[in-house]
Amino acid sequence: MPTTRRWLVPLLFSHAVLASLPLVDFDRMGKVGLAGTFAGLDFFQNSSFTYDSATSTLLSRSTDGQLSALASTNSGGRITAGCALDNVFYLAGSFSSIGSTSANNVASYTPSKSEFASLGSNGPNGQVDAVFCDDKNGNSPGTSVAVWDPRDSTWSKPPFSGLSGAGSRVLSITSNSSESSLFFAGSFITSFSGSGIVINGTNNPNVPFSAGATPFSSSLVPVPLSNAEIVASPSTSDSDFSNAQNILCPSGSDGAGNTWFAADGNTAVVTVRAFSFLSASGVRLGNTFLQNHGTTGFSVTTIPDNNVRTMKYLDPKTNENVTCTDPCPLSTDSSLLYQDFLFEDESQSITGVEIKLSQWTGNAPGLHILQILSSGAFASAVSDENGQSCFAPQASGSTHTGDWSVKVANTDISGTTQSVLVSTVAVGTSASNSPSVTWNPYVSASGEYTVNMLVPGCTNFQDCDLRTTATVTVFAGVGQPWVTEVSQAHEEDTPVMIYTGPIVPSSNDFVMTVTMTLSDSASEAGSGGNYELVADRIELILTSANISSDGSTSGSGSGSSSSKNGFGFFEWPLSSASDSDATQILPNATETSLDGVAFDLYTGIGSGSVTSSSNSAIAALPITRNLTISSGSASGAKNIVAFKDGNLVGVNGGGLNGPVTSMVLVGDSLFVGGSFDDTSSTSTGKLSNVAVYNVKSEEWSSLEGGVTGEVASLGYNNGRVQVVGSFTEVSSSSGGSSASAGGLASWEVDAKAWVNSGGFLLGDMTFVGNGTSSMQFVAGNVRVAQAFGASGMVFVQNSDSDEPTVTALDLPLDGDVSDSVTSSSSSKRKRQHPSRASVWVPKQFSKLWSRQSSSDLALLPDSLPAPAPAVLAGAFWTNTSSSRQVAVIGGNFSFSSGGKEFTGVAIYDSEADTLTGLQGSQIDGVVRTLFVTGDSLYIGGQFTLTGESQNGFAIYNLASQSWNVSGLQPLSADSGANVTVYSITQSSSKESAVFVAGSFAQAGSLSCRGICSLDTSSMQWTTLGNGIKGEVSTVVYAGDNDALLIAGGSIALSGGTSANVASYIIANSTWAAVGSGSDIPGPVTAVEVNSANANSVFAAGNTTIVSQLAMVPLQNTHSADGVIEADRMLMISGTLDDPSFGNASSALYDGKSYYPYIVSSSGSGSAGAVAALFHSLSSFSFSQHHFLATGVVILISIAISAGVVFLLALIGILWTLFSRRDDKLKPYEGEDGEDDDSTHQRPSSLLEHVNAATRATVFGGVYSHYDQDKEEEKIEPSSPSHDVNPFGPDASNYLRAETPSDAMGGIMGEEASRAAHARYSFDGVGEGELRLSAGAEVEILDDRDQAWWYARDVRTGQEGVVPAAYLY
């Protein structure tokens, strides 16, 4: 290989300029996409942030996920926590500086000022693991524990002094839902003094024990049903077992007189009706174990709503809480006296239940026990309604003073009545002299209760005018009495809370009391000088079981009277006035009900384990790190436990088989992160370090295939869970393919799928959390970061700033595809190339190329490397049925959709955010080019099609979603080589064919080397003229109506002439070299023609891979001192490298200088590449046209129309002379021949038009088609790819197009206008432009210009100019 290729190394960036970004006008090109081999990209900035993985970097994350580096810590520093308060973000960890600011482990960042600051002096002297920002009190507690007051800028110790023991480490600080308490979790020990003795720490001692009950359910007092109606049908004919009344509260063991059987072989229904409303939490069922009888499945329907209820219960086999509906299982284990089944929706207000026994063992179903469980306890003011409950030593009761009478009212439920006590009281009576009622509810077990007084509605009792306010006093046995003022003026039945807190159970020494009198503050008017007091029922709702006799929570129930120790958890009410020291023994008065978590943990782990080692710790509520519970109600649980119904309990699966570090709760879904791959005792599939636990259904689910390394932190924002840690990939499905995610991943909660996280990171991340406003912050040891993350494709559009708006492909592409063809286009081509690229431009650099012998035709350089996932090509398609425009992308990737795996090509609908694959056969290999025309998708690359004979080229019908390869002869290569198609294009001068170019030797049996034409109708291949030798990498078009095809590659013409850039005249099928063969000594990888001008051709090749050259329009202008006009630049894409700025994926060239534009990174952190820019508009204008108002245009045309036209003509001539001066390029055959449609005649045509328009305006004459006697000079409509001449007539100088037809008496005249339709939507934002929607019907009024036509929207009547290519 000639070494002279190295001569071009300085060419590309010898004049690189590091300046502000040029303003590319992406919107002018329609919708624009960038495809490449990148996982992240950004726009080049002069002050690029330097990442050092030895430091910890803090980055901000916008709502769309864009990342911006803020600052880094000192070497070895670590950021582990953060929170926001009053528009300031506080960060913490282990560091001595952040950016240029010295700070000891805690610092603040103010986004509005972009400033970091230290937090005073005397701050934490060790690593900070957790921070909490209290927006109510303005404090930020830190580790073990300190408080920063931002108002006074001072540090202080917490009200409880701190936490100590075990590891003396706080790992998590959070609040309860009401933000009234702070929860501290970690590795520490708390101690509470106390002489209180636990009354019942396990199941209720007043209730016969059964493993089918929990301490919570056994504390619920059964509803007395002695006055209820019970109907069981069909019943057995055996009289000893036919009375269902016997099972409501059986007096003996399972047997005759205490058990009920259904009739043999029948499903049975047992209905219990109380005829008054009661608050129920569930049912208690005891099976019969007599021979040939027993129930195995049942369901519960509540009355009167007739809803089949979902029940939750303790599975006696697994000791796990589970749910059931229809049927629910009833155990046949004779050791279980009964099982408690609670309503999943908590307590219900019902009048009865219907229990269907649908499954049985033996001859028939049967039951030994049936009870309805209350919500906790109860008492009625009407003494007759206080029946004694099963297992209760005494009944609830009530007493009263004064005159009370029973009042009965009907309810809305047929057959149901409501009985209450009422007393008439004179207005003005004091509370001490008023009648009173005292309720004495029987409380079975200690616990946390909410107590409601049921106030009957005055509408049913017709006494609204008499209602008043009562004073209610509750004595619960703990603390002082609780006094509440209760209004009885409610139209409907209303429960009013009168107490919440601990209640000790009823005993010989104590019974809870609730007393009601007339309020001294009663201010209602009354009726007839009287009030009416109403007394109904008291309802106790148990919320947590196990409270000691002095009101403190108990965990073990050991009955000891010594102090109690807790581990790893501490609750501190923010309203607490206590100044107790938590590093010492705390008084019982500071103990809360949730401190039972710590007691149970201390007992369950074992006191020796927690005091001798700091390995165990509570890392995130209710998650634990390195934890095993060896005793107690959660015995056997590992790494995650829950506190439920007053007890520490294990979760489904026995916990997780590895440490847990973080969690976030979203609704009922608890997202858990750490280092694990499954549950502890049962296999649920691959959880892979992150999982979700449904706290309602108590089931684990995977997040598809999880992540490939440990998770350090979880966050939640905008419907997505953010996951950070030490991982590199996420898996799209369990055991399936994976997508790059270097330490940051995002999970869409509703879609249940991994999605693009927005930015790109590669590092070991330690923290993610919400900050000020909607901003998030991410921190960790970052190796590489880019603002935008994407699996090889992004959309770009103009923005209000200097930097374009980027929208990434929101769904990850997988990399689980073959890499055998990703690094080279041919197995014969693997060789080393220098690491620089070259661009060939007219005149200035042509002499630096050395001659290549035509007999020694070189191979094309290696193609752009495409390690999966990589996107190498793109195109846009408008679905004619839906009018929705979608992007079609191709490359080396795979993805899953609808349970199927697809490869190589994807259809991305950005509106619906969906990826769709090509149906049927799948591509096996790499796609390198795509072309869409109509509904046909042409695919090229290095691949085969499963089940088909196609090789490197295939056709797919996007509308019918099927392959269109029937009758298509496959391409083939020389022996030992592979077929690779690099380019598929179409010329508007020959729309019946597509031109397929690449590396191949034949099409079917036709010898067709490098480039071939395919007739899209007959599916027949044709050689282009005499053909060429070699390989073609790229094809572009020049000339009027794309009449000239220009090909670049490693090419020799049929006569042996070296022509690595060659032209082909489509009309006469002739090839010619572009310039002398000595001008271009090596293979060319990319070619671009400036606005279809055959005298302005750019080529690239030789060293570092340039994958594409594309002329792009600008929003502003440059100096135009070189060979490129001021309103555009050449975009060079690929893998670019230069010492002045390092690596770049795209650069812009203005004819004189190069501007690094886009930088990108691969998933591994190495330099990425941009493979292609693709856009939705097949043609667009480079000119920055700004139409004037109609009147102004006409006035200008009257005054200076001739001058304007002659000036344009002069500039066009000067451009032609300049572009040809000393140019080595030879004009193609026929270029200077007579061409009546030549754009060089356009200025005079414009003069005719402007003069005619002026005459029509001034004199009112009819503006007819000019030169009607010269038919050969009429300009026929066409669809050019670009402006034919950079100074030809486009929207900026086409003044007549702004003139309304009715002001000129018609342009073409009624007989000359014609109907048309919009092929695409056109935004029409420029003055004088006509806005169109795809499919709209228009009337063409003037079509003589090649690029722009003047038209009227038939529906709206509006007129204006539109691109000619947009109409058909």
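**Digging into the overall build of the protein**
Broken down by element type, the protein carries five helices and 90 strands. Relative to its 1368 residues, the protein shows a buried fraction of 57%. Of the accessible surface of the protein, which amounts to about 51,700 Å², a share of 47% is contributed by carbon and sulfur atoms.

**Brief notes about the pattern of salt bridges**
Tallied over the full model, the rule gives 22 salt bridges. Note that Arg884 and Asp909 form a salt bridge whose closest N and O atoms lie 2.8 Å from each other. Taken together, the residues Arg884 in strand E62 (residues 884-897) and Asp909 in strand E63 (residues 900-909) connect sequence positions 25 residues apart. Residue Asp1343 pairs with Arg1314 through a salt bridge whose shortest N-O separation is 3.0 Å. Of this pair, Asp1343 sits in the loop between strand E88 (1337-1342) and strand E89 (1348-1353) while Arg1314 sits in strand E87 (residues 1314-1317), and the two are 29 residues apart along the sequence. You can call Asp1343 buried: its relative accessible area is 10%. Overall, the relative accessible area of 32% leaves Arg1314 in the partly exposed class. Here the salt bridges share partners, and the residues they tie into one network are Lys407, Asp463, Arg467 and Glu532.

**A few points about the state of the cysteines**
What the rule picks out here adds up to five disulfides. Two residues, Cys458 and Cys464, share a disulfide whose sulfurs are 1.9 Å apart. In this structure, the disulfide formed by Cys458 and Cys464 twists by about 85° around the S-S bond and is classed as right-handed. Among the residues examined, Cys464 registers a relative accessible area of 34% and is labelled partly exposed. Each bonded cysteine in the protein gets a number by its place in the sequence, and the pairs come out as 1-2, 3-6, 4-5, 7-8, 9-10.

**Some points on the nonpolar core**
Buried together is how nonpolar side chains tend to be arranged in soluble globular proteins. Membership of the largest hydrophobic core comes to 66 residues, with the highest contact counts inside it found for Leu34, Val794, Tyr1157 and Leu1332. Once residues lying within four places of it in the same chain are set aside, the contact partners of Tyr1157 are Leu21, Pro22, Val24, Phe26, Asp42, Phe43, Phe44, Pro804, Met1131, Ser1146, Ala1147 and Leu1148. Core analysis: the second largest hydrophobic core is formed by 44 residues, Leu373, Ala379, Ala381 and Ala470 among them.

**Observations concerning the environment of Ser740**
On the secondary structure map, Ser740 appears in strand E52 (residues 738-740). Judged by its relative accessible area of 34%, Ser740 falls in the partly exposed class. Each C-alpha atom, one on Ser740 and one on Ala868, is 9.8 Å from the other, the two residues being 128 residues apart in sequence.

**As for the sheet that holds E63**
Strand order in this open sheet of four strands is E61-E62-E63-E64, and the pairing throughout is antiparallel. Lying at the two open borders of the sheet, with one neighbouring strand each, are strand E61 (870-879) and strand E64 (914-917). Neighbour to neighbour, the strand axes of the sheet diverge by 35° on average, direction disregarded.

**Section: the sheet that holds strand E35 (residues 494-503)**
Backbone hydrogen bonds are what pair the strands of a sheet, in a parallel or an antiparallel way. If you trace the four strands from one edge of the open sheet to the other, you get E27-E38-E32-E35, paired in antiparallel fashion. On the outer flanks of this sheet lie strand E27 (376-380) and E35, each paired with one strand and no other. The average angle at which neighbouring strand axes cross in this sheet is 20°, direction not considered.

**Focus on the packing of aromatic side chains**
Following the criterion strictly, the structure yields 34 aromatic pairs and no others. Centroid distance Phe43 to Tyr1157: 5.4 Å. Interplanar angle 65°. Geometry classified as edge-to-face. Linking Phe43 in strand E2 (residues 40-43) with Tyr1157 in strand E85 (residues 1154-1161), this pair joins segments that are 1114 residues apart in sequence. When the centroid spacing of 4.4 Å and the interplanar angle of 25° are considered together, the rings of Tyr1149 and Tyr1154 count as stacked. You can call Tyr1149 buried: its relative accessible area is 1%. Its end group placed over the ring of Phe795, Lys31 keeps NZ or CZ at 4.6 Å from the ring centre. The ring of Tyr338 has Arg284 lying over it, and the distance from NZ or CZ to the ring centre is 4.6 Å.

**Details of unusual backbone geometry**
Trans is the common state for peptide bonds, and a negative phi is the common state for residues other than glycine. Note the cis peptide between Asp326 and Pro327, where omega equals 5°. Checked against the element boundaries, Pro327 lands in the loop between strand E22 (320-324) and strand E23 (328-329). The omega torsion across Ala868 and Pro869 is 0°, close enough to zero to call that bond cis. Take Pro869: it is sitting in the loop between strand E60 (838-840) and E61. Positive phi, normally seen in glycine, also occurs at Asn87, with a value near 65°. Judged by relative accessible area, Asn87 falls into the exposed class, the value being 58%. The phi angle at Asp913 is positive, at roughly 55°, despite the residue not being glycine.

**Some details on helix H2 (residues 596-605)**
Most of H2 sits out of view: nine of its 10 residues are buried. Inspection of H2 places Gly596, Val597, Ala598, Phe599, Asp600, Leu601, Tyr602, Gly604 and Ile605 among the buried residues, and these make up the whole buried set.

**Notes on the environment of Ala211**
With respect to the helices, strands and loops of the structure, Ala211 is situated in the loop between strand E15 (181-192) and strand E16 (229-233). Ala211 has contacts with Leu314, Pro316 and Leu336, leaving out every residue within four places of it along the chain.

**With respect to the side chain of Thr661**
Residue position: Thr661 is located in strand E45 (residues 660-666). Given the relative accessible area of 13%, Thr661 is considered buried.

**A short note on the side chain of Ser279**
Inspection of the secondary structure assignment puts Ser279 in strand E18 (residues 268-287). Of the residues examined, Ser279 reaches a relative accessible area of 15% and is grouped as buried. At a separation of 3.0 Å, a polar atom in the side chain of Ser279 contacts the side chain of Glu539.

**What to know about the environment of Gln1020**
Here Gln1020 is to be found in the loop between strand E74 (1011-1015) and strand E75 (1021-1023). Judged by relative accessible area, which is 46%, Gln1020 ranks as partly exposed. As for Gln1020 and Leu968, which are separated by 52 residues in sequence, their C-alpha atoms are 7.4 Å apart. When sequence neighbours within four positions are dropped, the list of residues in contact with Gln1020 reads Ser1013, Leu1014 and Asp1015.

**Observations regarding the confidence of the model for the protein**
When the pLDDT values of the protein are averaged, the result is 78; 79% of them are 70 or greater. The model gives residues 608-615 a pLDDT under 50, and that stretch makes 12 contacts with residues more than four places away or in other chains.

About the criteria used
Residues numbered from 1 in each chain as written. Predicted model: local features only at pLDDT ≥ 70, side-chain atom pairs only at ≥ 80, totals over all residues. Heavy atoms only, no water. Helix = DSSP H or I, 4+ residues; strand = E, 2+ residues; numbered from the N terminus. Buried < 20%, exposed > 50% of the residue type's maximum accessible area, 1.4 Å probe, protein only. Areas by Shrake-Rupley, 256 points an atom, 1.4 Å probe, with all protein chains shown as cover. Salt bridge = Lys/Arg side-chain N within 4 Å of Asp/Glu carboxyl O. Disulfide = S-S within 2.5 Å. Core = buried A, V, L, I, M, F, W, Y, C linked by side-chain atoms within 4.5 Å. Contact = heavy atoms within 4.5 Å. Pairing = 2+ DSSP bridges. Axes fitted to C-alpha atoms, helices over the stretch in contact; angles between N-to-C directions. Phe/Tyr/Trp six-rings, centres within 6.5 Å; stacked < 30°, edge-to-face > 60°. Lys NZ or Arg CZ within 6 Å of the ring centre and 35° of its normal. Polar contact = N/O pair within 3.5 Å; in protein donor to acceptor, adjacent residues only side chain to side chain. pLDDT = per-residue confidence, 0-100.

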